Amino acid sequence: MTTNTNQTDSIHNNDTTGTRTVLVTAATGKTGRRVATRLAAQGLTVRAGSRTGTTHFDWADLDTWEPALRGADAAYVNYYPDLAAPGAEEAMRVFGELAAAGGVRRLTLLSGRGEPEAVRAEEALRSSGVELTVVRAAFFAQNFDEGAIAEGVAEGVIAFPAGGTAEPFVDADDLADVIVETLTADGHAGLVHELTGPRLLTFAEVAAEISRASGREVAYVPMSEAEYAGLLQQFGLPEPDAQWLSALFATLLDGHNASVTDGVKRVLGREPRDFTEFAARAWAREA
């Protein structure tokens, strides 16, 4: 959808009085910290929920949910470890009930593209009756410079069970901009925004892009699902978690998500950032 500019400006002006409070879950993560920073810059009161922050929030500790939600007007819901994970559907049902009981009026949920289990979790949260916007995102470009994959990139290797499948990598900054828009502007209730970057790239092409941007050789090493699960276990992930995560990646990268959308442009009125731009920005720090 295309947001009405005058309407958006009016809502943002109301929000900058500082009277509106937004809970940001997983606020130290890739998207959470970006969303929290943007909301605070608009003058909103931000509760940055995390296991170690001032607003104590832990998806593994139900007792932290209600206190963090109490008195909030809106919330950004970023479930850990993934909305397709076992237990996510029930967690969303309970979270939604607590949000509704606490008077929360608006929720934005981060979801994944092409994940049937995630869709069931979306519906569980929607059943609360609280105004809900769902943002389904492609694979983050920032996975290559933040987090576990970044460690391999630093060593010159991207090992992943993607084969030759192409993915429309989305920039986490675009994603954060969309999430903030859905939290602060009207017109998004009940909608599902599917976000991707502007073009498809294989992981081998990603490695080439990073090589050019960083000035050092980075190679893509395709792996089978079983090989990747074994690699995750070597890094300390328990076997059941490693097998589940590897199976999830293999499923997401089987080709069914190999298409681009206009979601970013429809919400923000501009084109999404390209991976080349992301890589230049990310590895300029090494220059």
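Every residue gets a number counted from 1 within its own chain, in the order that chain's sequence is written. pLDDT decides what is reported in this predicted model: residues at 70 or higher carry local features, side-chain atom pairs at 80 or more are listed and counted, and totals for whole chains, interfaces and linings draw on all residues regardless. In computing side-chain properties, one takes all heavy atoms of the structure into account and sets aside hydrogens as well as water.

*Asks:* Now, about the overall build of the protein: what can you tell me, with residues and values included?
*Replies:* Starting at the N terminus, helices and strands are each numbered in turn, a helix being any DSSP run of H or I of at least four residues and a strand any DSSP run of E of at least two. Within the protein one finds twelve helices and eleven strands. For 287 residues, the compact-globule estimate of 2.2 N^0.38 gives 19 Å, and the protein sits close to it at 19 Å. Referenced to the eigenvectors of the C-alpha coordinate spread, the extents of the protein come out at roughly 50 × 40 × 35 Å. Any two residues having at least one pair of non-hydrogen atoms within 4.5 Å are treated as being in contact. Sequence separation of at least 24 residues holds for 79% of the intrachain contacts in the protein that already meet a minimum separation of 6. Shrake-Rupley sampling with a 1.4 Å probe provides the accessible areas, and residues are treated as covered by the protein chains on show and by no other component. A total accessible area of about 12400 Å² is found for the protein, and carbon and sulfur atoms account for 51% of it. For the radius of gyration, the atom set is restricted to C-alpha positions; the globular benchmark scales as 2.2 Å times the number of residues to the power 0.38.

*Asks:* For the pairing of strand 5 (residues 106-112), give the residues involved together with the corresponding values.
*Replies:* Along strand 5, seven of the seven residues are buried, which leaves the element largely enclosed by surrounding structure. Burial along strand 5 is two-sided: Arg106, Thr108, Leu110 and Gly112 and Leu107, Leu109 and Ser111, pointing in opposite directions, are all buried. Strands are treated as partners if at least two bridges between them are detected by DSSP. Examined bridge by bridge, strand 5 and strand 6 (residues 131-137) share seven bridges and lie parallel to one another. Looking at the pairing, Gly112 lines up with Ala137 of strand 6. Consider the strands pointing away from the viewer: the crossover is right-handed when the path from the first strand over the helix to the second runs clockwise. Since strand 5 and strand 6 lie parallel, the crossover through helix 5 (residues 116-126) that links them has a hand, and here it is right-handed. Exposure classes here rest on a 1.4 Å probe applied to the protein chains alone. A residue is buried below 20% of its type maximum, exposed above 50%, and partly exposed in between.

*Asks:* Kindly report on the side chain of Glu122, identifying the contributing residues and their values.
*Replies:* The residue Glu122 is located in helix 5 in this model. We classify Glu122 as buried; its relative accessible area is 1%. Side-chain atoms alone can form a polar contact between residues adjacent in sequence; in general such a contact is a pair of N or O atoms within 3.5 Å, and within protein one must be able to donate a hydrogen while the other accepts it. Engagement of the side chain of Glu122 in a polar contact is seen with the side chain of Arg136, the distance being 2.8 Å. When neighbours within four sequence positions are excluded, Glu122 is seen to be in contact with Leu83, Leu109, Ser111, Leu132, Val134 and Arg136.

*Asks:* Give me the packing of helix 8 (residues 203-214) against helix 12 (residues 275-283): which residues, what numbers.
*Replies:* Here an axis means a line fitted to C-alpha atoms, over the contact stretch when the element is a helix, while the angle between two N-to-C directions is reported on a 0 to 180 degree scale. Packing of helix 8 against helix 12 brings their axes to within 9 Å, and their N-to-C directions diverge by 40°. The orientation of helix 8 relative to helix 12 falls into the category oblique. The hand of the helix 8/helix 12 crossing is right-handed. Where helix 8 abuts helix 12, its residues Val206, Glu209, Ile210, Ala213 and Ser214 lie against Phe275, Thr276, Ala279, Ala280 and Trp283. Just so you know the grouping, Ala, Val, Leu, Ile, Met, Phe, Trp, Tyr, Cys and Pro go in nonpolar, Asp, Glu, Lys and Arg go in charged, and all remaining residues, Gly too, go in polar. Broken down by class, the residue content of the contact of helix 8 with helix 12 amounts to seven nonpolar, two polar and one charged. Roughly parallel covers angles under 35 degrees, roughly antiparallel covers those over 145, roughly perpendicular covers 65 to 115, and oblique covers all other angles. With the far helix as reference, a near helix turned anticlockwise by less than a right angle produces a left-handed crossing, and one turned clockwise produces a right-handed crossing.

*Asks:* Before we move on, could you go through unusual backbone geometry and cite the residues and values that matter?
*Replies:* Where the residue is not glycine, phi is negative for most of them; where a peptide bond is considered, it is trans in most cases. Cis rather than trans, the peptide bond between Tyr80 and Pro81 has omega equal to 10°. Within the fold, Pro81 resides in the loop between strand 4 (74-77) and helix 4 (88-101). Phi at Ala26 takes a positive value of approximately 50°, unusual for a residue other than glycine. Residue position: Ala26 is located in the loop between strand 1 (21-24) and helix 2 (30-41). In this structure Ala26 comes out as partly exposed when scored by relative accessible area, which is 23%.

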